[in-house]
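Here is what each chain is made of, one letter per residue.
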Amino acid sequence: MSETTTTRPAPPTTVTGRIGDGRVGDSPLRPDGTLKVTGEFAYASDLWHDDMVWGITLRSPHPHARIRGIDLTEALQVPGVFAVLTADDVPGENAYGLEHADSPVLAADVVRYEGEPVALVAADHPETARRAARRIRVDYEPLPAVTDPRRALDDDAPLVNPGGNLVRHLKLRRGDPAATAPVVVSLDFEVGMQDQAFLGPESGLAVPAEDGGVDLFVATQWLHVDQRQMCLALGMPPDKVRLTLAGVGGAFGGREDLSVHIHACLLALRTGKPVKMVYGREESFYGHVHRHPAWLHYEFGAEDDGTLVYAKADILLDGGAYASSTPAVVGNAGTLGMGPYRIPNVSVDAVGVYTNNPPCGAMRGFGCVQAAFAHEALMDELASVLEMDPVELRARNGMQEGDLNITGQVIDSAAPVAELIWKVRDMPLPPEPSGERDLLTLPGAVGNTTHGEGVRRGIGYSVTYKNVGFSEGFDDYSTARVRLQMTAGEAVATVHTAAAEVGQGLITIHAQIARTELGVDRVVVIPADTQVGSAGSTSASRQTYVTGGAVKAACEAVRDRVLQRAAVALGRPAASLRLDGEKIVGASGEVLSGLADVLGDDAVEETVEWRHRPTHAIDPETGQGDAHVQFAFSAHRAVVDVDTELGLVKVVALDTAQDVGKALNPDAVVGQIQGGSAQGMGLALMEEVVVVDGHVRNPSFTDYLIPTILDIPPMQIEVLEYADPHAPYGVRGVGEPPTISSGPAVAAAVRAATGRQLRRVPIRPEHITGT
């Protein structure tokens, strides 16, 4: 294996020193925190190799076209070019995909979306590679494209996928299909395409190895699924395709699909040189999946007192050109799409379709985000018709522990919906504006667009719930290897997993768990790679639960072996002993031996593959079944000021309450809630990938707007800790619920301020002004 050098200090997963004090329940400093705020952290884009070359991707300009020929002659004549590759150069299967291998590594005869990879170039400089790529002559024959997902299943719609344009239809039926109610409300809602907008673009460094294999250092979310797909395309066994996690600058689901992985390895194996690939921001918009845009029709029937009688929903999700994780997103939208409410009679049809738009896949909130905008807007509509307090309406219908959700699954741990919404309602409100106002507090701010005239204040509420971990029978597990030994007279625990630290603070959590379970201070978390078993994806709010559970189990196995060894030496039952501060202590706390005396020069190591409780596939006709392992609940209250004449919005406050089961690291929990709330607010007000006739019109952060620190309002955050008895330490996933409930609360607040229906997000100024 070749040596890899970097231009910056190593990423956090390679930190081998003391990570910081702190056990479960503490908030120790993150080992990567200082490096990141000082700009010294090494991201994947900082990787460097002395003799590396640069890889570039040529992409389709058409949303749908036949490739009649590719001429590489002029590109190969550019000095400095080492290789130009097309689909003919893929040694294995020219296809990959998370759930369905339907995405070509390089398009062979047809391109199905704008930005689809067609050819690769390796050269001694990135500009040389780009110049050569521009000299590749591709003869396209444009074809009719499916760009309106509402027409994708029409009989005369062109086929995007040879097997048809339907990805998945989830049908859910519960209770009386003909249920009626004295009060009926309905609405249509539309949600735009959101980008994950992670700050570190796709990047990686592929290094050809002496054994004929390849080593890839890459920013990703799921090392082993990447490896599986790469092996098929490269025609190599797993021991020849080795992945190591490089520094990751955010993910939010956008790195669950492959990007540079296979391309960089193809070029490295062809040239015999290390190959670095880094997307620019524009290419990043074409190089990863986005959140599914959605069209939703909802209907609620209720008693006069607001008790829900029935609910119906038709949900359409645009999956784009390839499947990615669309089937699972449809699964979540369908099985969780009515929100955290008791509803005895339910009918849901959730459909995902292929189109010639950009592929869509995983993103934080995963199918629940789109649905929440609709069911929460409809709850407000119902409250208005009934002349009820929208908070009381939600509390009246909110789930409690022991209730059944719409798939018939028992909610078997805390479900404090009413408590959460009451808590955000009862938080102090920001003061009402009076007198001359500071421009910074007004919509438009220092743009000096208003001094308060035409500005109206609105308040909105939302609650939600989200599954944690993978569902519908997926074998969701993680692997952890823990080693305990004496080093320089000090007990050191080493933790090795393949879990991707993408910025959420996972390695800090691993160290906290190891300290707690083994009673040591010094913990080393070594780099995540494929030399240990899979840890699954860093998504679905699952890593603290699942890989945290694996680390805990591995530590327990190590501890048991150490105590058994001590029991033999001390002549006492192992059950009467415990580890504490590098000591073996008895039941009453008396020190019986030093850990060093028990370990000697030996190391104790255990590798554990840990699983949570199984989930099950839902019935294909009724959608009933125990599809999910855990649910997490949150509520938001948004306060906004809206300039009703110009359509500008200032979010004044975005307060929230969330049940996290057990806060293993309270500061990290708050950070997740803050970030998730901001991302949901972004979708409500500004974030949208604009696609017209299959073409992306705003592939940059100049035209695709995301909230900055100046847009983020004060947040009052209340964390509830109702332990889930089925989860390690009682923990619940944290990262996704705030993304789901914050946006609908903001949208509701804008509706309250303006009196407009506003059935589409993001809400644009013209929606507010009606111009």
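Residues numbered from 1 in each chain as written. Predicted model: local features only at pLDDT ≥ 70, side-chain atom pairs only at ≥ 80, totals over all residues. Heavy atoms only, no water.

Digging into the packing of aromatic side chains
- Tallied over the full model, the rule gives 12 aromatic pairs.
- The rings of Trp-222, Phe-470 and Phe-474 are connected pair by pair, giving a single aromatic cluster.
- Sitting over the ring of Phe-198, Arg-255 keeps its end group 4.0 Å from the ring centre.
- Directly above the aromatic system of Phe-470 lies the positively charged group of Arg-542, at a separation of 5.3 Å from the ring centroid. (Phe/Tyr/Trp six-rings, centres within 6.5 Å; stacked < 30°, edge-to-face > 60°. Lys NZ or Arg CZ within 6 Å of the ring centre and 35° of its normal.)

Concerning the domain arrangement of the chain
- Domain boundaries in the chain define domain 1 (53–143 + 199–250 + 255–286), domain 2 (294–471 + 617–769) and domain 3 (477–611).
- Centre-to-centre, using C-alpha coordinates, domain 2 lies 38 Å away from domain 3.
- At the junction of the two partners, domain 2 supplies 20 residues and domain 3 supplies 16 residues.
- Counting the surface lost from both domain 2 and domain 3, the interface buries some 1,400 Å², and carbon and sulfur atoms represent 64% of this.
- For the domain 2 face of the interface with domain 3, the top three residues by lost area are Phe-470, Pro-728 and Tyr-729, together amounting to 37%.
- Between domain 2 and domain 3 we count 0 salt bridges in total. (Domains from an automatic or database assignment. Contact = heavy atoms within 4.5 Å. Buried area = accessible area lost by both parts, 1.4 Å probe. Salt bridge = Lys/Arg side-chain N within 4 Å of Asp/Glu carboxyl O.)

Brief notes about helix α10 (residues 417–426)
- Turning to α10, its buried residues number three or more, namely Val-417, Ala-418, Leu-420, Ile-421 and Val-424. Taken end-on, α10 shows its buried residues confined to a sector of 165°, consistent with a single buried face. (Buried < 20%, exposed > 50% of the residue type's maximum accessible area, 1.4 Å probe, protein only. Helix = DSSP H or I, 4+ residues; strand = E, 2+ residues; numbered from the N terminus. Arc of directions from axis to C-beta.)

Things to note about the UniProt feature "domain: Aldehyde oxidase/xanthine dehydrogenase a/b hammerhead" (unreviewed entry) in the chain
- The UniProt record marks residues 38–144 with the feature "domain: Aldehyde oxidase/xanthine dehydrogenase a/b hammerhead" (unreviewed entry), using the residue numbering of this structure.
- Within the segment residues 38–144, helix and strand shares are 12% and 34% respectively, and the terminal C-alpha atoms sit 50 Å apart. (UniProt positions renumbered as here; feature names shortened; annotations may be inferred.)

Examining the nonpolar core
- In terms of nonpolar packing, the biggest core is built from 85 residues, with Tyr-298 and Met-338 touching the most fellow members.
- By residue number, the principal contributor to this core is helix α8 (residues 368–386), which donates 12 residues.
- If sequence neighbours within four positions are ignored, Met-338 has contacts with Tyr-298, Phe-300, Ala-311, Lys-312, Ala-313, Ile-343, Val-346, Ser-347, Val-348, His-375 and Ile-406.
- Ala-251, Val-260, Tyr-279 and Val-532 belong to the second largest nonpolar core, which has 53 residues in total. (Core = buried A, V, L, I, M, F, W, Y, C linked by side-chain atoms within 4.5 Å.)

Focus on the sheet that holds strand β18 (residues 455–468)
- An order of β18-β26-β27-β30 is seen for the 4 strands of this open sheet, with the pairing classed as mixed. If you trace the sheet from one side to the other, it starts and ends with β18 and β30 (717–720), each paired once. This sheet shows a mean twist of 20° between the axes of neighbouring strands, independent of strand direction.
- In this fold helix α15 (residues 737–754) packs onto β18, β26 (630–643) and β27 (648–659), with an angle of close to 155° to the strand it touches most, β18. (Pairing = 2+ DSSP bridges. Axes fitted to C-alpha atoms, helices over the stretch in contact; angles between N-to-C directions.)

Points about the state of the cysteines
- Scanning all chains against the criterion turns up 0 disulfides.
- Not engaged in a disulfide, the cysteine Cys-265 finds its nearest cysteine sulfur in Cys-231; these two sulfurs lie 9.7 Å apart.
- A relative accessible area of 0% places Cys-265 in the buried class. (Disulfide = S-S within 2.5 Å.)

With respect to the side chain of Ser-324
- Assignment of secondary structure puts Ser-324 in the loop between β16 (308–318) and α7 (326–335).
- Classification of Ser-324 by relative accessible area gives buried; the value is 4%.
- At a separation of 2.8 Å, a polar atom in the side chain of Ser-324 contacts the side chain of Asp-257.
- Look past the residues within four positions of Ser-324 in its chain and what remains in contact with it is Leu-98, Glu-99, Asp-257, Val-289, Cys-360 and Gly-361. (Polar contact = N/O pair within 3.5 Å; in protein donor to acceptor, adjacent residues only side chain to side chain.)

Some details on the pairing of β26
- Burial runs high along β26: 14 of the 14 residues are buried.
- Burial of the side chains of β26 extends over both faces: Gln-630, Ala-632, Ser-634, His-636, Ala-638, Val-640 and Val-642 are buried on one face and Phe-631, Phe-633, Ala-635, Arg-637, Val-639, Asp-641 and Asp-643 on the other.
- As paired strands, β18 and β26 are joined by 14 bridges and run antiparallel to one another. Bridge pairing in β26 places Val-455 opposite Asp-643.
- In this structure, the hairpin formed by β26 and β27 is closed by a connection of 4 residues, where Gly-647 is found at a positive phi of approximately 80°.

A word on the packing of helix α9 (residues 390–397) against α10
- Across the interface, α9 lies against α10 with an axial gap of 8 Å and an inter-helix angle of 160°. For the element pair α9 / α10, the angle class is roughly antiparallel. Two packed elements cross with a definite hand, and for α9 against α10 that hand is left-handed. Across the interface between the two elements, Val-391, Glu-392, Arg-394 and Ala-395 of α9 pack against Val-417, Ala-418, Ile-421, Trp-422 and Arg-425 of α10. (Parallel < 35°, antiparallel > 145°, perpendicular 65-115°, else oblique. Left-handed = near helix turned anticlockwise from the far one by under 90°.)

Here we look at the packing of helix α4 (residues 223–234) against helix α5 (residues 261–271)
- Interhelical geometry of α4 versus α5 gives an angle of 45° and a closest axis separation of 10 Å. With respect to each other, α4 and α5 are oriented oblique. As for how α4 packs across α5, the hand of that crossing is right-handed. Only His-261, Ile-262, Cys-265, Leu-266 and Leu-269 of α5 make contact with α4, whose side of the interface consists of Asp-226, Gln-229, Met-230, Ala-233 and Leu-234.
- Taken together, the residues that form the contact of α4 with α5 break down as 7 nonpolar, 2 polar and 1 charged. (Nonpolar A, V, L, I, M, F, W, Y, C, P; charged D, E, K, R; others polar.)

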